[in-house]
Amino acid sequence: MVCLGNICRSPLAEGILASKCEHLPIVVDSAGTSAHHIGEGPDHRSVHIATVNGIDIADQRARKLMKSDLEDFDLIFAMDSDNYTNILKLASTELDRNKVHLLLNEFTPEQNKAVPDPYFGGDQGFEIVFSLLDDACEALKNKLEKEFDV
Ligand code: 4NP
C-alpha cells in the first residue's frame, strides 16, 4: 500500500487489509513515495479512525518505497495517480510494472479514482478515507480468497 508520506492513507490501508486477511498467506506492508516522514508513526487522526474501527496501527513506522519493493511484492497499490506514476519510475521490468495498480480500482474497476489526501483537512477527511479503503480492501480480500481457493 503506497501513498505520499506513509503516515495517513497507506498505514490505514495496511492495517485494514491485514485485519481482513489474517487467514490468508500474505504479507501486507506500506510505504511512501516521499522521504519526508521516514521513521514517524502514523498521523494521530489515522490512528484514531483505525482505533474506532477496532484496528491498531500505532506501531507502524513510515518508510520510503524502494526499488526492491517492486521485486519483493506481487501487488503494489497506489492511493492516487501521482503515487502511481512515481511508483512506476522504480519499476525496471514489464513484470514489475504490471504489479502496480490504483487501489480504488479494486472496488470501482477502471474508474481510476483517488483516495483523497486527507493531511491538510479535518477529521471528516479521515472518515471518508477509511470508508474508501475499507470498501477497496474488502473487494481485494474477496479476490485474494478466490486466488488462494479459501
Ligand atoms: P499520506 O498523507 O500521503 O496519506 O501519508 C500526507 C502526509 C504528509 C504530507 C502530505 C500527505 N505532507 O505534505 O507532509
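Because the structure is predicted, anything quoted here is derived from the model rather than measured. (Residues numbered from 1 in each chain as written. Predicted model: local features only at pLDDT ≥ 70, side-chain atom pairs only at ≥ 80, totals over all residues. Heavy atoms only, no water.)

Right, let's talk about the site of the ligand for a bit. Close to the ligand lie C3, L4, G5, N6, I7, C8, R9, H37, D117, Y119 and F120, which account for all nearby residues. In this structure, an oxygen atom belonging to the ligand sits 3.0 Å away from a main-chain N or O atom of I7. R9 is positioned such that a nitrogen or oxygen atom in its side chain is 2.8 Å from an oxygen atom of the ligand. When the free accessible area of the ligand is taken as 350 Å², the share hidden by the protein chains comes to 88%. Tallied by class, the residues present in the shell around the ligand amount to six nonpolar, three polar and two charged. (Near = heavy atom within 4 Å. Polar contact = N/O pair within 3.5 Å; in protein donor to acceptor, adjacent residues only side chain to side chain. Areas by Shrake-Rupley, 256 points an atom, 1.4 Å probe, with all protein chains shown as cover. Nonpolar A, V, L, I, M, F, W, Y, C, P; charged D, E, K, R; others polar.)

Our next topic: helix α1 (residues 9-20). Taking 1.5 Å per residue, twelve residues should reach 16 Å; α1 reaches 17 Å between its end C-alpha atoms and fits that length. Where burial is concerned, most of α1 is hidden: ten out of the twelve residues are buried. Of the residues making up α1, those classed as buried are R9, S10, P11, L12, A13, E14, G15, I16, L17 and K20. Where α1 is buried, its residues touch β1 (2-3), β2 (31-32), α2 (44-52), α4 (81-88) and α6 (123-147). (Helix = DSSP H or I, 4+ residues; strand = E, 2+ residues; numbered from the N terminus. Expected span 1.5 Å × (residues − 1). Buried < 20%, exposed > 50% of the residue type's maximum accessible area, 1.4 Å probe, protein only. Contact = heavy atoms within 4.5 Å.)

Within the secondary structure layout, D69 lies in helix α3 (residues 67-72). Judged by its relative accessible area of 4%, D69 is buried. When near neighbours in sequence (up to four residues on either side) are disregarded, D69 contacts R63, K64 and I76.

A disulfide bridge is the covalent bond that connects two cysteines by way of their sulfur atoms. Using the criterion set out here, one finds zero disulfides in the structure. Here C21 stays free of any disulfide, with the sulfur of C137 as its closest cysteine sulfur at 7.7 Å. (Disulfide = S-S within 2.5 Å.)

Time to look at the nonpolar core. The biggest cluster of nonpolar side chains holds 29 residues, and the ones touching the most others in it are M1, L12, L17, M79, L103, L133 and L140. Every element with two or more residues in this core is listed here: α1, α2 and α6. It is α6 that contributes the most residues to this core, eight residues altogether. When residues no more than four places from it in sequence are discounted, the contact partners of L140 are M1, L17, F77, L103 and E106. Counting eleven residues, the second-largest nonpolar core is a separate cluster that includes A31, L70, A78 and A91. (Core = buried A, V, L, I, M, F, W, Y, C linked by side-chain atoms within 4.5 Å.)

With that settled, consider the pattern of salt bridges. Taken as a whole and assessed by the stated rule, the structure comprises ten salt bridges. In this structure, D80 engages R9 in a salt bridge whose closest nitrogen and oxygen atoms are separated by 3.0 Å. Taken together, the residues D80 in the loop between β3 (76-78) and α4 and R9 in helix α1 connect sequence positions 71 residues apart. Overall, D80 belongs to the buried group, its relative accessible area being 14%. Using a relative accessible area of 3% as the deciding quantity, one classes R9 as buried. (Salt bridge = Lys/Arg side-chain N within 4 Å of Asp/Glu carboxyl O.)

Read these as spatial facts, not as claims about activity.
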